[in-house]
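Spelled out, the chains give:
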Amino acid sequence: MQPPKTLYLNDDHTAVVILDQTLLPQTIKYIELRNAKQVWSAIKDLQVRGAPAIGVTAALGLYIEMKTHTDENAFHQIIKTTKTYLSTARPTAVNLDWALNEMDKVYELNKEKPIPEIITALGKAAQAIYLDDTGICRRIGQHGVSLLKEGMGILTHCNAGALAATEYGTALAPIYIAKEQGINLRVYADETRPVLQGARLTAFELHHAGIDVTLICDNMAATVMAKGLIDAVFVGCDRVAANSDTANKIGTHGVALLAKHFNIPFYVCAPLSTIDMKTATGNDITIEERDASEVTNLWYNQPMTPAGVKVFNPSFDVTPGQYITGFITENGILCPPFNFQ
Ligand code: MRU
């Protein structure tokens, strides 16, 4: 069974409705985002998160915002400023810019038309981005399942599941398809400090789906690998540079190094649109740094750090392409040497 829906457009197209992921796993609560400002904040505050999900939310958000602007003179300027504004919500995942650029292309094609027609075109485009995401994730799952056999142990990091996309997710899509095909797997989920997307979200959605999931602390990955419990690592990603360096949730790089050490294949699952040919190497990827309180206070009744101590809280890291066994995409599995031309 798929987990509760991550996000959807409401019936009268006045709000993007999202499952507030900051409340999971305790509370399932949907909130309505009715304008670009609310969409921006929900993305920034991780109420909706995961690379594909924030792209889809931003596209739908641009549409519902523009529906409220009917003044011919203002419309053409507001759509550009709103697109730029939404793209600043988070820097690392290329999906945000990608989805907004897709919306901009549709605007450019239709901009000479009357405003209601432009709005209709934007609505169709945003809904197509939503539906495409579901199809792409399912196809990633269908390709990825070819690597899986009964009883295998899979390690995953962060949450790249249905909650990070419209359905299925990327790294968890092969696991859902395996379940549909009657293949039983053992999934190990890193808790993924500091925000615990593994503990709160991956464990939640896999458990909900009846998939065998075991939660481990981030510092236990070497132990489960050394014990021979892991046959493959599947992770998602936020941006792939042209040289195949790959940004994903902080800690992914360490998992890749461990996998190399233990000779365990390390797969990155991603839509082809995640490959950003404008970014030459991992050094050119902007890594989001988040508030220190995520490390010091977030899950504690009282701060777990002396007041005033310095905190470094990068939200993502870059795994050099040399540690990646393959990219599982909607069009198949890319193996080294990676040539993204
Ligand atoms: O900070 P988050 O929760 O948005 O980080 C999410 C990840 O790093 C995912 O692994 C990535 O976005 C891929 S989601 C299919």
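In short, a report on the structure. (Residues numbered from 1 in each chain as written. Predicted model: local features only at pLDDT ≥ 70, side-chain atom pairs only at ≥ 80, totals over all residues. Heavy atoms only, no water.)

**Re the pairing of strand S2 (residues 16–19)**
(1) Moving on: Here S2 shows a buried face lined by Val16 and Ile18 and a second buried face lined by Val17 and Leu19.
(2) Moving on: When strand S1 (residues 7–9) meets S2, the two strands line up antiparallel, connected through three bridges. Note on S2: the bridge partner recorded for Tyr8 is Val17.
(3) Moving on: The turn linking S1 back onto S2 is made up of six residues, and His13 within it adopts a positive phi angle of 55 degrees.
(4) Moving on: Bridging between S2 and strand S3 (residues 30–33) involves four bridges; their strand directions are antiparallel. Within S3, the residue paired with Val17 across the bridge is Glu32. (Buried < 20%, exposed > 50% of the residue type's maximum accessible area, 1.4 Å probe, protein only. Helix = DSSP H or I, 4+ residues; strand = E, 2+ residues; numbered from the N terminus. Pairing = 2+ DSSP bridges.)

**Overview of the state of the cysteines**
(1) Moving on: Per the stated rule, a full pass over the model turns up zero disulfides.
(2) Moving on: Distance from the sulfur of Cys217, which forms no disulfide, to the nearest cysteine sulfur (Cys158) is 16 Å. (Disulfide = S-S within 2.5 Å.)

**A closer look at helix H7 (residues 197–208)**
Residues spaced three or four apart along an α-helix point in a common direction, a consequence of the helix completing one turn every 3.6 residues.
(1) Moving on: The end-to-end C-alpha distance of H7 is 15 Å, a good match for the 16 Å that 12 residues give at a rise of 1.5 Å each.
(2) Moving on: Residues of H7 that are buried: Gln197, Gly198, Arg200, Leu201, Thr202, Ala203, Phe204, Glu205 and Leu206.
(3) Moving on: Residues of H7 that are buried in the fold lie against strand S4 (153–156), helix H6 (173–180), strand S5 (186–190), strand S6 (212–216) and strand S9 (246–249).
(4) Moving on: Once H7 ends, the next one or two residues include Gly210, with phi positive near 75 degrees. (Expected span 1.5 Å × (residues − 1). Contact = heavy atoms within 4.5 Å.)

**A few points about the packing of aromatic side chains**
(1) Moving on: The tally for this structure, following the rule as stated, stands at six aromatic pairs.
(2) Moving on: Here the aromatic rings of Phe327 and Phe338 are separated by 4.8 Å at their centres, their planes lie at 75 degrees, and the arrangement is edge-to-face. With Phe327 in strand S13 (residues 326–329) and Phe338 in the segment after strand S14 (332–334), the pair connects residues that are 11 residues apart, well separated along the chain.
(3) Moving on: Judged by relative accessible area, which is 18%, Phe338 ranks as buried.
(4) Moving on: An aromatic cluster is built from Phe327, Phe338 and Phe340, whose rings are joined through pairwise contacts.
(5) Moving on: If you follow Lys249 out to its NZ or CZ, it ends over the ring of Phe316, 4.3 Å from the centre. (Phe/Tyr/Trp six-rings, centres within 6.5 Å; stacked < 30°, edge-to-face > 60°. Lys NZ or Arg CZ within 6 Å of the ring centre and 35° of its normal.)

**Brief notes about the pattern of salt bridges**
(1) Moving on: In this structure the tally under the stated criterion is 11 salt bridges.
(2) Moving on: For Glu32, the salt bridge goes to Arg34, with nearest N and O atoms at 2.5 Å.
(3) Moving on: A relative accessible area of 44% places Glu32 in the partly exposed class.
(4) Moving on: Residue class for Arg34 comes out partly exposed when judged on its relative accessible area of 39%.
(5) Moving on: Ionic pairing is found between Asp231 and Arg186, a salt bridge with its closest N-O pair at 3.8 Å. One end of the pair, Asp231, is in the loop between helix H8 (221–226) and strand S7 (232–235); the other, Arg186, is in strand S5, and 45 residues separate them in sequence.
(6) Moving on: Note on Asp231: relative accessible area 33%, which makes it partly exposed.
(7) Moving on: You can call Arg186 partly exposed: its relative accessible area is 24%.
(8) Moving on: Several salt bridges converge on common partners, so that one network encompasses Lys80, Asp104, Glu108 and Lys111. (Salt bridge = Lys/Arg side-chain N within 4 Å of Asp/Glu carboxyl O.)

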